[in-house]
Amino acid sequence: MECRASFGVMLTAASGRVARDGDVRPETHLSEVAHAFAPGAALRHAARLGHGHINDTFLVELDRGGRGQRLVLQRLNRQVFADPLAVMSNIERVLDHLRRTLAGFAPEVRARRVLTLVHTGEGSAWTCDSAGEVWRAYLFIERARSGATAGVPAEAFQVARAFGEFLRRLADYDGPPLAVTIPAFHDTRRRVDALVAAVARDAAGRVAGCRKEIDLALEQQPLAAVLLDLHEGGLVPERITHNDTKLDNVLLDEITGEALAVLDLDTVMPGMALADFGDLVRSGVTTAAEDEPDCSRVEADPELFAALTAGFLDGVAKLLRPVEVEHLAVAGQVVTYEIAVRFLTDHLDGDTYFRIGRPGHNLDRARTQLALLRSLQRQQGAFRRIAARSAIEAGVGS
Ligand code: ADP
Ligand code: GN1
Ligand code: MG
């Protein structure tokens, strides 16, 4: 096995092999990985953490000479992140910058507001297991929960403010340029092209079973250009953005409900603030789960939308251009559409990208996103007015 710390060097032991559940189970490597990050410690307990669709995340409890310690261990999905070491380098840079911007806070407060990477005995922010897979470790932030309770406006506000603040704190990042960890990640047009290609391939023989969803998705194609046109026309700038702004990806204090650290930093890279806001709307504007099988329960809630816009604008302060503020409402539609297209594509491809928990899971997810898109479109006038009012209240509207 070879495992080297420079970018672009692949890990030879596992090269060419797709590491997913059912292949090499990450659980079998937890003890070895824990020892790399905490030499000499004994692994007392381990359990899966969260509901991510891509990486494998575990909470481990260690005994370090009689002292207990909890760490989050994450195995990166190399099928999705072709260059995991570039991901780690981005994360180190981003966390260093965020920590500097929080220098005014007491260390114990800062440790809850920004993730802390654990380094190996050799001082590296990642390690390889014996199968050549890349892992990282964070200190577990105690007395916190992720995933604001769906449908509670005060919590939606907190999460939105945290993502807005994340953009603001990274606006003056002046370190080495961040790597693009997944090219064209929020290129909605290319996502539609990928759907069209998947329909033509029909790799899993599923096209006939979801004609209706394919037609609905293709009818909405004009949406794919909305944010990209703004960017390509020079109206909307590239910023350092999070790109995976689901409710789950912010920790809230268990007692006060206040937002703490922003999580899931693998896709932090240059992008559009509107894509971050759009994904936040997708996950936070409805009480329905992302995979709700009963689409009649999927509605966008104006009160939640108001909380999301108010929180985001509060967090981002005056960073956004007026044109960005004017497109907050439509951004929710665009990203909801984009993720619908991605789930549908993956269903047609035979579920090769997003982890599924049941047959047809990606199709359910796609249907839910399409239902949410319809609800957002039905209410688009009201949502535009809500965003405009939030902007005025935040002192950025006209
Ligand atoms: P995934 O890619 O699997 O979604 P995340 O980084 O979002 O990975 O972590 C999954 C879940 O683990 C989060 O939703 C959160 O509940 C929990 N979590 C992750 N990191 C920490 C941490 N440092 N402290 C406390 N909980 C964490
Ligand atoms: C994936 O890793 P996770 O579960 O937070 C995906 C996002 C999607 C999301 C949909 C790297 O996020 O883009 O919006 O699922 N992440 C990647 O739930 O593709
Ligand atoms: Mg996550």
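Procedures and definitions
- Residues numbered from 1 in each chain as written.
- Chains lettered and ligands numbered in written order.
- Predicted model: local features only at pLDDT ≥ 70, side-chain atom pairs only at ≥ 80, totals over all residues.
- Heavy atoms only, no water.
- Near = heavy atom within 4 Å.
- Polar contact = N/O pair within 3.5 Å; in protein donor to acceptor, adjacent residues only side chain to side chain.
- Areas by Shrake-Rupley, 256 points an atom, 1.4 Å probe, with all protein chains shown as cover.
- Helix = DSSP H or I, 4+ residues; strand = E, 2+ residues; numbered from the N terminus.
- Nonpolar A, V, L, I, M, F, W, Y, C, P; charged D, E, K, R; others polar.
- Salt bridge = Lys/Arg side-chain N within 4 Å of Asp/Glu carboxyl O.
- Buried < 20%, exposed > 50% of the residue type's maximum accessible area, 1.4 Å probe, protein only.
- Domains from an automatic or database assignment.
- Contact = heavy atoms within 4.5 Å.
- Buried area = accessible area lost by both parts, 1.4 Å probe.
- Pairing = 2+ DSSP bridges.
- Axes fitted to C-alpha atoms, helices over the stretch in contact; angles between N-to-C directions.
- Donors = N, O, S within 2.8 Å, 3.2 Å for Na, K, Ca; no water.
- Core = buried A, V, L, I, M, F, W, Y, C linked by side-chain atoms within 4.5 Å.
- Parallel < 35°, antiparallel > 145°, perpendicular 65-115°, else oblique.

**Some words on the site of ligand 1**
By nearness alone, 17 residues border ligand 1, and T57, Q74, L139, I141 and S146 come closest of all. Between ligand 1 and the protein, one listed contact pairs an oxygen atom with a side-chain N or O atom of Q74 at 2.8 Å. Between an oxygen atom of ligand 1 and a main-chain N or O atom of D248, the distance comes to 3.4 Å. For ligand 1, the accessible surface in isolation is 540 Å², of which the surrounding protein chains cover 93%. Going through the elements one at a time, strand 3 (67-75) and strand 5 (134-139) are the ones with two or more residues in the shell around ligand 1. The class makeup of the residues in the shell around ligand 1 is nine nonpolar, six polar and two charged.

**Here's the deal with the pattern of salt bridges**
Counted by the stated rule, this structure contains 30 salt bridges. Residue D266 is joined to R136 by a salt bridge in which the shortest nitrogen-to-oxygen separation is 2.9 Å. Here D266 is found in the loop between strand 9 (259-262) and strand 10 (269-271), whereas its partner R136 is found in strand 5, with 130 residues between them in sequence. Of the residues examined, D266 reaches a relative accessible area of 2% and is grouped as buried. Here D314 makes a salt bridge to R161, at a shortest N to O gap of 3.0 Å. Here D314 is found in helix 9 (residues 302-316), whereas its partner R161 is found in helix 4 (residues 153-170), with 153 residues between them in sequence. Under the relative-accessibility criterion, D314 is labelled partly exposed at 40%. Residue class for R161 comes out partly exposed when judged on its relative accessible area of 26%. Linked by salt bridges that have partners in common, R25, E27, R48, D56, R75 and R355 make up one network.

**Side note on the domain arrangement of the protein chain**
The domains assigned to the protein chain are domain 1 (26-142) and domain 2 (153-394). In this structure, domain 1 and domain 2 have C-alpha centres spaced 26 Å apart. Taken residue by residue, the interface counts 30 residues in domain 1 and 31 residues in domain 2. Of the roughly 2600 Å² buried where domain 1 meets domain 2, counting both sides, 57% is carbon and sulfur surface. Where domain 1 touches domain 2, the interface holds four salt bridges.

**Some words on the pairing of strand 8 (residues 250-253)**
Residues V250 and L252 of strand 8 are buried on one face, and the alternating residues L251 and D253, pointing to the opposite face, are buried as well. Pairing geometry for strand 6 (residues 144-146) and strand 8, over three bridges, is antiparallel. For A144, the partnering residue across the bridge sits in strand 8 and is D253. Here strand 8 pairs with strand 9 via two bridges, running antiparallel. The residue bridging L252 from the neighbouring strand is A259, located in strand 9. Two successive antiparallel strands, strand 8 and strand 9, enclose a turn made up of five residues, where G257 displays a positive phi of approximately 75°.

**Observations regarding the sheet that holds strand 9**
On the basis of which strands lie adjacent, the open sheet formed by three strands has the order 6-8-9 and antiparallel pairing. Edge strands, defined here as strands with exactly one partner in the open sheet, are strand 6 and strand 9. When strand polarity is set aside, the average angle formed by the axes of neighbouring strands in this sheet is 30°. Against the sheet, helix 4 touches strand 6, strand 8 and strand 9, its axis set at about 125° to strand 8.

**A word on the coordination of the magnesium ion (ligand 3)**
Working reference: metal with six octahedral donors, ideal angles 90 or 180 degrees; metal with four tetrahedral donors, ideal angle 109.5 degrees. Within the protein, the atoms that donate to the magnesium ion (ligand 3) are N249 (OD1) and D264 (OD), at distances of 2.1 to 2.2 Å. Here D264 lies in the loop between strand 9 and strand 10 and N249 lies in the loop between strand 7 (239-241) and strand 8, a separation of 15 residues in the sequence. Given a relative accessible area of 24%, D264 falls into the partly exposed group.

**A closer look at the sheet that holds strand 1 (residues 42-48)**
Pairing within the open sheet is antiparallel, and its five strands lie in the order 1-2-3-5-4. Because the sheet does not close on itself, it has two edges, and the strands there are strand 1 and strand 4 (127-128). As paired strands, strand 2 (residues 56-64) and strand 3 are joined by nine bridges and run antiparallel to one another. Looking at strand 3, one finds that D56 is bridged to R75.

**So, the side chain of N249**
Relative accessible area serves as the criterion here: at 5%, N249 is assigned to the buried category. Among all residues touching N249, those that are not within four sequence positions of it are F163, H242, D244, A261, V262, L263 and D264.

**Focus on the nonpolar core**
L95, L265, V285 and F305 are the most contacted members of the largest nonpolar core, which has 107 residues in total. Per-element tally for this core: the top contributor is helix 11 (residues 328-349), with twelve residues. Of the domains in this structure, domain 1 (26-142) and domain 2 (153-394) are the two that each give at least three residues to this core. Beyond its immediate sequence surroundings of up to four residues, L95 is in contact with V114, L115, L117, Y138 and L265.

**Re the packing of helix 8 (residues 273-284) against helix 11**
One way to put it is that helix 8 packs onto helix 11 with a least axis distance of 7 Å and a crossing angle of 75°. By the angle class used here, helix 8 and helix 11 are roughly perpendicular. Seen from helix 8, the contacting residues are L274, A275, F277, G278, D279, V281 and R282; seen from helix 11, they are L328, A331, G332, V335, T336, I339 and F343. Residues of the contact of helix 8 with helix 11, tallied by class, amount to nine nonpolar, three polar and two charged.

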